[in-house]
Amino acid sequence: MITIIINITLALQMDGKYKDGYREQGARKALVEELRKKGIEDENVLKAIAKVPRHYFFEDTFLNQAYKDIAFQIGEGQTISQPYTVAYQTQLLHIHRDDKVLEIGTGSGYQTCILAEMGAKVYTIERIEKLYLQAATLLPKMGYKARFFCGDGSKGIAKRAPYDKIIVTAGAPTVPDELIKQLNIGGILVIPVGDQKSQKMVTVLKTSETAYEKIVLDTFRFVPLLGDKAW
Ligand code: SAH
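Residues numbered from 1 in each chain as written. Predicted model: local features only at pLDDT ≥ 70, side-chain atom pairs only at ≥ 80, totals over all residues. Heavy atoms only, no water.

### Focus: the side chain of Lys206
Positionally, Lys206 belongs in strand E8 (residues 199-206). For Lys206, the side chain forms a polar contact with the main-chain oxygen of Ile180, separated by 3.0 Å. A polar side-chain atom of Lys206 sits 3.4 Å from the main-chain carbonyl oxygen of Lys181. (Helix = DSSP H or I, 4+ residues; strand = E, 2+ residues; numbered from the N terminus. Polar contact = N/O pair within 3.5 Å; in protein donor to acceptor, adjacent residues only side chain to side chain.)

Below is the structure:
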């Protein structure tokens, strides 16, 4: 029994990329301070960013890019969102422990980890099978639980609704009605809306079965939300 445990520990240590030492933790602290200066105020969001090893989502050659406040290619023409963008969207969601959250656009799974770290029960959907598989394999290894789906999330996931919060991490041409329908009353949707070059961050607060309040915020640039209710 003891031998088995030692072997597992050695195996993890040998895989250099999954090492989270003082250097990586220090880099995350610096990133958190940078985000604070850029206006992120939600301490729970900042705590989650300080905790989740973003370098696990990078290929070995690009590890030195992991704690810069930039988006980065993750293959399949997609990107891991910029830390500022992840923090900005997450802050708008006002996450509480045990919130049921739908994330549309799993991508790398980094945003999924931030939500899970904050205690949310995350349902996440990705249309590219390879990315879906990568995230569904990596996150449990990192100790994060989420429910992973592969398919077109532009219509939400009706059979798992309602959700307390919905976050869309790709740029949409409009706010799909289906997503508002799948929110609980009091629920919040955060979605970038615009053309394929730039989008405004939009939050929708569902105030009753038939009414909602919409707020249009800052400009961002996301990869497009593709699908039935999107581009
Ligand atoms: N939150 C992610 C962002 C990834 S980029 C991260 O931090 O890594 C956005 C992702 O949305 C891409 O992986 C893209 O494939 C996916 N996407 C685009 N349209 C989609 C759709 N209709 N349903 C599900 N995923 C979609």
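### Overview of the site of the ligand
As a matter of local geometry, the ligand sits amid 25 residues, with Ser108, Glu126, Asp152, Gly153 and Leu226 nearest to it. Separating a nitrogen atom of the ligand from a backbone N or O atom of Gly105 is a distance of 3.4 Å. Ser108 is positioned such that a nitrogen or oxygen atom in its side chain is 2.6 Å from an oxygen atom of the ligand. Burial of the ligand by the surrounding chains reaches 99%, relative to a free accessible area of 580 Å². Secondary-structure elements contributing two or more residues to the shell around the ligand are strand E2 (78-80) and strand E4 (121-126). At 3 residues, E2 tops the list of elements feeding residues into the shell around the ligand. When the residues that make up the shell around the ligand are grouped by side-chain class, the tally is 9 nonpolar, 12 polar and 4 charged. (Near = heavy atom within 4 Å. Areas by Shrake-Rupley, 256 points an atom, 1.4 Å probe, with all protein chains shown as cover. Nonpolar A, V, L, I, M, F, W, Y, C, P; charged D, E, K, R; others polar.)

### Structural notes on the environment of Pro162
In this structure, Pro162 sits in the loop between strand E5 (147-150) and strand E6 (163-168). When the C-alpha positions of Pro162 and Lys206 are compared, they lie 12 Å apart, and in sequence the two are 44 residues distant. Each residue touching Pro162, except ones within four places of it in the same chain, is listed here: Lys100, Gln182, Leu183 and Asn184. (Contact = heavy atoms within 4.5 Å.)

### Examining the nonpolar core
Residues Ile49 and Phe57 are the most contacted members of the largest nonpolar core, which totals 46 residues. Of all elements in the fold, only helix H2 (22-37), helix H3 (43-51), strand E1 (72-75), helix H4 (83-93), helix H5 (110-117), helix H6 (129-142) and strand E7 (183-194) reach the threshold of two or more residues within this core. Setting aside residues no more than four positions away along its own chain, Phe57 makes contact with Ile80, Ser108, Gly109, Tyr110, Cys113, Leu138, Leu139 and Met142. Judged by nonpolar contacts, the second largest core, of 22 residues, contains Tyr123, Val175, Val193 and Leu225. (Core = buried A, V, L, I, M, F, W, Y, C linked by side-chain atoms within 4.5 Å. Buried < 20%, exposed > 50% of the residue type's maximum accessible area, 1.4 Å probe, protein only.)

### Digging into the packing of aromatic side chains
Going through the model one piece at a time under the given rule, you end up with 10 aromatic pairs. Centroid distance Phe58 to Phe72: 5.3 Å. Interplanar angle 35°. Geometry classified as tilted. With Phe58 in the loop between H3 and E1 and Phe72 in strand E1, this residue pair connects regions lying 14 residues apart in the sequence. On the basis of relative accessible area, Phe58 is assigned to the buried category, the value being 2%. Seen in terms of ring centroids, Phe62 and Phe72 are 5.2 Å apart; in terms of plane orientation they differ by 55°. Their pairing is tilted. Here Phe72 lies in strand E1 and Phe62 lies in the loop between H3 and E1, a separation of 10 residues in the sequence. Judged by its relative accessible area of 37%, Phe62 falls in the partly exposed class. Exposure remark for Phe72: the relative accessible area of 16% places this residue in the buried category. (Phe/Tyr/Trp six-rings, centres within 6.5 Å; stacked < 30°, edge-to-face > 60°.)

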